[in-house]
Amino acid sequence: MSEHVPSSYKKLLQKMEDFIVLQSAESIIGWDMLTMMPPKGIELRSRQLALISRFEHKLSTNPEIGSLLKQAMKPSEYEKLNDVQKRNVYLVKKQYDEQTKLPEELVAETAKQQAIATDVWKKAKAAKDFSLFKPELEKVVELRKKAADILMKVKDTATPYDALVDIFEPKTSSVTITHVFDELREGLVKLLKKCTTNPKQPDTDILWREVPIDAQRTIAKALSEFVGYDVTSKNSGGRVDETEHPFTTGYYDDVRITTHYYEDDFAASMFSVLHEAGHAIYEQNLRREWMFQPIGTASSSGIHESQSRMVENIIGRSPEFWTYFFPKMKKIAGAPLSDLKQDDFVHAINKVQPSKIRIESDEVTYSLHIIIRFNLERDLFAGRISVKELPDVWNQSYSDYLGVKIENDSEGLMQDTHWASGGFGYFPSYALGNIYDGQILDTMGKTLPDWRRQLSTGNFGDIKQWLARNVHSYGNMYDPSDLIKKITGEKLNVKPYLNYLETKYSMLYDF
Ligand code: ZN
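Residues numbered from 1 in each chain as written. Predicted model: local features only at pLDDT ≥ 70, side-chain atom pairs only at ≥ 80, totals over all residues. Heavy atoms only, no water.

One can read the domain layout of the protein as domain 1 (7–127) and domain 2 (174–509). Between domain 1 and domain 2, the C-alpha centre-to-centre distance is 28 Å. Tallying the contact residues gives 25 residues for domain 1 and 28 residues for domain 2. Counting each side, the surface lost to burial between domain 1 and domain 2 is near 2,300 Å², with a carbon and sulfur contribution of 65%. Three residues stand out in domain 1 for area buried against domain 2, namely W31, R87 and W121, and they jointly supply 26% of the buried area on that side. Viewed at the interface, domain 2 and domain 1 are joined by one salt bridge. Ionic pairing is found between R87 and D479, a salt bridge with its closest N-O pair at 3.0 Å. Taken together, domain 1 and domain 2 are joined by ten residue pairs in polar contact (both at pLDDT 80 or more). Secondary structure elements with two or more residues in the side of domain 1 that touches domain 2: α1 (7–35), α5 (83–101) and α6 (104–127). Ranked by residues supplied to the side of domain 1 that touches domain 2, first place goes to α1 with eleven residues. Partitioned by chemical class, the residues of the side of domain 1 that touches domain 2 number 15 nonpolar, six polar and four charged. (Domains from an automatic or database assignment. Contact = heavy atoms within 4.5 Å. Buried area = accessible area lost by both parts, 1.4 Å probe. Salt bridge = Lys/Arg side-chain N within 4 Å of Asp/Glu carboxyl O. Polar contact = N/O pair within 3.5 Å; in protein donor to acceptor, adjacent residues only side chain to side chain. Helix = DSSP H or I, 4+ residues; strand = E, 2+ residues; numbered from the N terminus. Nonpolar A, V, L, I, M, F, W, Y, C, P; charged D, E, K, R; others polar.)

It is worth spelling out helix α10 (residues 213–226) at this point. Across its 14 residues, α10 extends 20 Å between first and last C-alpha, which sits within 8% of the 20 Å expected from 1.5 Å per residue. Taken together, the buried residues of α10 touch β1 (238–242), α11 (266–284), α13 (319–333) and α18 (451–456). The first or second residue beyond α10 is G228, which carries a positive phi of 80°. (Expected span 1.5 Å × (residues − 1).)

Buried residues dominate strand β3 (residues 254–259), accounting for five of its six residues. By the bridge criterion, five bridges tie β1 to β3 in an arrangement that is parallel. Opposite E242, over in β3, you have T259 as the bridge partner. Note: strand β2 (residues 248–251) against β3, four bridges, orientation antiparallel. Residue pairing in the sheet places Y251 in a bridge with D254 of β3. With antiparallel pairing between neighbouring strands as the criterion, β2 and β3 make up a hairpin whose turn holds two residues, including Y252 at a positive phi of roughly 45°. (Buried < 20%, exposed > 50% of the residue type's maximum accessible area, 1.4 Å probe, protein only. Pairing = 2+ DSSP bridges.)

Spelled out as structure tokens, the structure:
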């Protein structure tokens, strides 16, 4: 940092550094809790996590940050900052304003209610009884509405719900999302029909053959290594472990992923590993000099999802990738897959079929599940529907969009944990990630026109380098809409993603 940088800025960044280091410690002991911790450790772990969370709150709401921000934003000092430094100041201010404006009692009450609601949700889901969950969900919604009302003023958003979306997808309004999702829905419903009414249908029974877990572990490592997520070398910055629900956590040089192996569903772990490895290489390719700065993080949840879905679906479910990897998978798996044919396998892993469950859905129907949730959340926070009406609206939407009949609320609106834990505003990120991918892919194709051929020969290096340079290395320099414009020269646009799907599925299904 040059000597001309005002001391207020330097002090501000020092304070943030402590916060960021503490956060990275929290993420690793959170990972340990789900992977390695012996059962008896849970009480001690809860104490550790509660203390860290109190310290984090103290650090991020320290009044000194407020006065340093004031100082750093005085025109005489602010003018001396470059764009990166200005962005850091912006990000610190945003976090500080949000953290200090939310009353502590509201934050504590929400955390408590989310824990209660999550516990009741598990029981209600097992009992297929929404009436158990309803009163707890109503309390969660009330508390999130209170927070959204406050955050709306701090963030200057058009609606309370927009303030919740902004937590995950900064500066992306629900009006914009509604607009792109309507267009996406129309395209997806048409494509869905073409796939499901086509006489050529894949045989998915081949995916239920039993592959020993040890072989699946070896395949998982090979897949990680293929995408440049190093989990085996002496100097590796990653590792693959096992949890019920796969996730990625960590920071720069220590980014870990998890997966789940099912003996009778070998494809599940392969695609979860590719998905999480896509998240991991994003974190590992953030600009080194931005480590410990607010800017040294991902742009948004949607951009993060774009990177995991790029690796999982666009790369990992492409015929070209399997031209390279299919013989390798067969060799590792041995007898159970010895007579498997590549074309049959590629079609089976890309079967389009409307389902009731989001996490079991394919590339064509996935976003429809998200659009349903987004519409419900938006209308719930606008007071157009109540918690009581959610099941009916949910079931009707599933019938309208996907043509499936929901038999009970456990396979309906109680399937996901997000609402119990107060995660309103998060769902849109999943489908926005898909839309971003279409645009990113189009742009990548202009500089790497033969990326598909490269993939078929086992070369992922150029693609990875392109993503690192054009997406990952920008960190949090831009909000997602600005980042997409910076990368592609265009604003948010659904067409490239729909074109990608149309081309891919017309080849698989012959239409
Ligand atoms: Zn993800």
